[in-house]
Protein chains: 2
Amino acid sequence: MPVSSADPPGDRPSARDAFSDLALAVFRLNGGLIEAGDALVQDLGLTSARWQVLGAIALAPAPLPVAHIARNMGLARQSVQRVVDDMQAEGLVRLAPNPHHRRAALVAMTPSGEAAYHRAIARKDRWADGLTDGLPPAAITAAVRLLRTLQERIDASHAHIATLAGAPRQESEE
Amino acid sequence: MPVSSADPPGDRPSARDAFSDLALAVFRLNGGLIEAGDALVQDLGLTSARWQVLGAIALAPAPLPVAHIARNMGLARQSVQRVVDDMQAEGLVRLAPNPHHRRAALVAMTPSGEAAYHRAIARKDRWADGLTDGLPPAAITAAVRLLRTLQERIDASHAHIATLAGAPRQESEE
DNA sequence: GTCGAATGGACAGCTTACTGTCGATTGGGG
DNA sequence: CCCCAATCGACAGTAAGCTGTCCATTCGAC
């Protein structure tokens, strides 16, 4: 998405500008988290993406097929598929036959995958302790709630976006 | 980065878990914003990435070389370079000679680039009005502040990460 | 029982970020 | 004055997301 203009001249910061600032902050933090996550687990044979997939596997009560994992993560099937293929080739994950569907194998961690995942979590926890030191937990959870609310509204706004983008004129006057 | 485990059993949500939840929310919202931004400006010949680069150009008081724009955006030079090349090929942006450096041309918007950019902003504003409706602006700015604080701490934590990742043992005991 | 929709994987190709390496240009220290 | 460090662009290659198309499998409606 976009870039904010400088916040407003004199008055209260409009929700518009606050939203733009938030979008910028999300883009930057996304990059920072991925970069830091990669550095944190690099020597375990993991990356941020692999770690996230392992997390989705760990979170599920039973092994799932790739497409199901992708749905849980909010990603496209193929994105997860490639990561799983790579991890399978390196022995972090294995594919178990699915009694309910012949082609849709179930993805499960190997012992070495579990070991890497747990070491990753331990590192993340110690890292997070430093990052959140002195920040009120309530502030963090409030931010999480706000981000999730926006996420839900965005997911629900596809029709509105089509209107805004499709409307031939009328956008010159906002 | 990672995935949270379920939030804690009975007690207060630990900052650790809140942090994991925040990371997840940031990943998802990042994806949602990019997707929505792409849809919003698609017919203008823009993408979220192009729009952000144009924003960085618009924000600067004077035209800048690619490497400088990239620094301002927190991205790698090459990422911006390719987007600029594409936009130049399509006439959204033009390269002006740099009096101070023969090879480092200055990037400036063409009139058609400016037009697209302003239409994009108008759409974003109307979209943002809907998304933030009923949300207290203070909540948004508070979230922005939190995200920026974390961003700064992450940027400053590279040494710490190296310690956590490098320390051969000791991570089994957190 | 059969057909069709929903779901899943495979294959191919695109976008946007990254990295590393190279040569060109500039400007400052000795 | 010269050389070195910093900066910039070019080129090449990687990671991680996306899309679209195709075929296989399953399951439910009829």
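Residues numbered from 1 in each chain as written. Chains lettered and ligands numbered in written order. Predicted model: local features only at pLDDT ≥ 70, side-chain atom pairs only at ≥ 80, totals over all residues. Heavy atoms only, no water.

Within an unreviewed UniProt entry, the label attached to chain A reads MarR family transcriptional regulator, and the organism entered is Methylobacterium aquaticum.

## Things to note about the overall build of chain A
Formally: Under the scheme used here, helices are H or I runs from DSSP no shorter than 4 residues and strands are E runs no shorter than 2 residues, and both carry numbers assigned from the N terminus. Relative accessibility thresholds used throughout: buried, under 20% of the residue-type maximum; exposed, over 50%; partly exposed, between the two (1.4 Å probe, protein chains only). Contacts: residue pairs with any heavy atoms within 4.5 Å of one another. All accessibility values rest on the Shrake-Rupley procedure with a 1.4 Å probe; residue burial counts only the protein chains present in the view.
Looking only at helices and strands, chain A has seven helices and two strands in total. Each helix and strand of chain A, placed in order from N terminus to C terminus, yields the pattern α-α-α-α-β-β-α-α-α. Across the 174 residues of chain A, 48% fall into the buried class. Pairs at least 24 apart in sequence give 45% of the contacts found in chain A among residues at least 6 apart. Just so you have it, chain A exposes about 8,700 Å², and 55% of that area is on carbon and sulfur atoms.

## Re the interface of chain B and chain A
The following threshold applies: A 1.4 Å probe defines the accessible area here, and the buried area is the portion of it lost by two parts on being joined, summed over both. Each salt bridge in this description consists of a side-chain nitrogen of Lys or Arg and a carboxyl oxygen of Asp or Glu lying within 4 Å of one another.
In this assembly, 81 residues from chain B lie in contact with 81 residues from chain A. Roughly 7,800 Å² is buried in total at the junction of chain B and chain A, and carbon and sulfur atoms are behind 67% of that figure. Taken together, the links from chain B to chain A amount to four salt bridges. Here Asp125 of chain B and Arg16 of chain A are joined by a salt bridge, their closest N and O atoms 3.9 Å apart.

## Structural notes on the pairing of strand S2 (residues 106-109) of chain B
Residues and elements named next belong to chain B. Our working definition: Strands are treated as partners if at least two bridges between them are detected by DSSP.
Burial of S2 is two-sided: the residues Leu106 and Ala108 facing one way and the residues Val107 and Met109 facing the other way are all buried. Pairing of strand S1 (residues 93-96) with S2, which is carried by four bridges, proceeds in the antiparallel orientation. Residue Val93 lies in a different strand from S2, and its bridge partner there is Met109.

## Focus on the protein's contact with DNA strand C
Put simply, the rule is: Nearness here has a simple test: a residue counts as near a molecule or strand if at least one of its heavy atoms is within 4 Å of that partner. What qualifies as a polar contact is a pair of N or O atoms within 3.5 Å, subject to a donor-acceptor requirement within protein and to the restriction that residues adjacent in sequence count only when both atoms come from side chains. Residues are grouped as follows: Ala, Val, Leu, Ile, Met, Phe, Trp, Tyr, Cys and Pro are nonpolar; Asp, Glu, Lys and Arg are charged; every other residue, Gly included, is polar.
Taken together, the neighbourhood of DNA strand C is formed by 22 residues, with Arg71 of chain A together with Ala76, Ser79, Arg102 and Arg103 of chain B sitting nearest. Between Arg103 of chain A and DNA strand C, the recorded distance is 3.0 Å, taken from a side-chain N or O atom to a base nitrogen. Take Arg102 of chain B: an N or O atom from its main chain is 2.8 Å from a phosphate oxygen of DNA strand C. Within the residue set of the surface near DNA strand C, elements represented by two or more residues are helix H3 (66-73) and helix H4 (77-89) of chain A together with helix H4 (77-89) of chain B. By residue number, the principal contributor to the surface near DNA strand C is H4 of chain B, which donates four residues. Grouping the constituent residues of the surface near DNA strand C by class yields nine nonpolar, seven polar and six charged.

## A closer look at the packing of aromatic side chains
To be explicit about the condition: In this scheme Phe, Tyr and Trp rings, the latter by its six-membered ring, pair at centre separations within 6.5 Å, and the angle between planes marks the pair as stacked below 30 degrees, edge-to-face above 60, and tilted otherwise.
As enumerated under the stated definition, the model contains two aromatic pairs over all chains in all. On the numbers, 5.6 Å between centres and 85° between planes, the contact of Phe19 of chain A with Trp127 of chain B is edge-to-face. Note that Phe19 of chain A is positioned in helix H1 (residues 15-41) and Trp127 of chain B in helix H5 (residues 111-131), a pairing that runs across two chains. The same class applies to Phe19 of chain A and to Trp127 of chain B, which are both buried.

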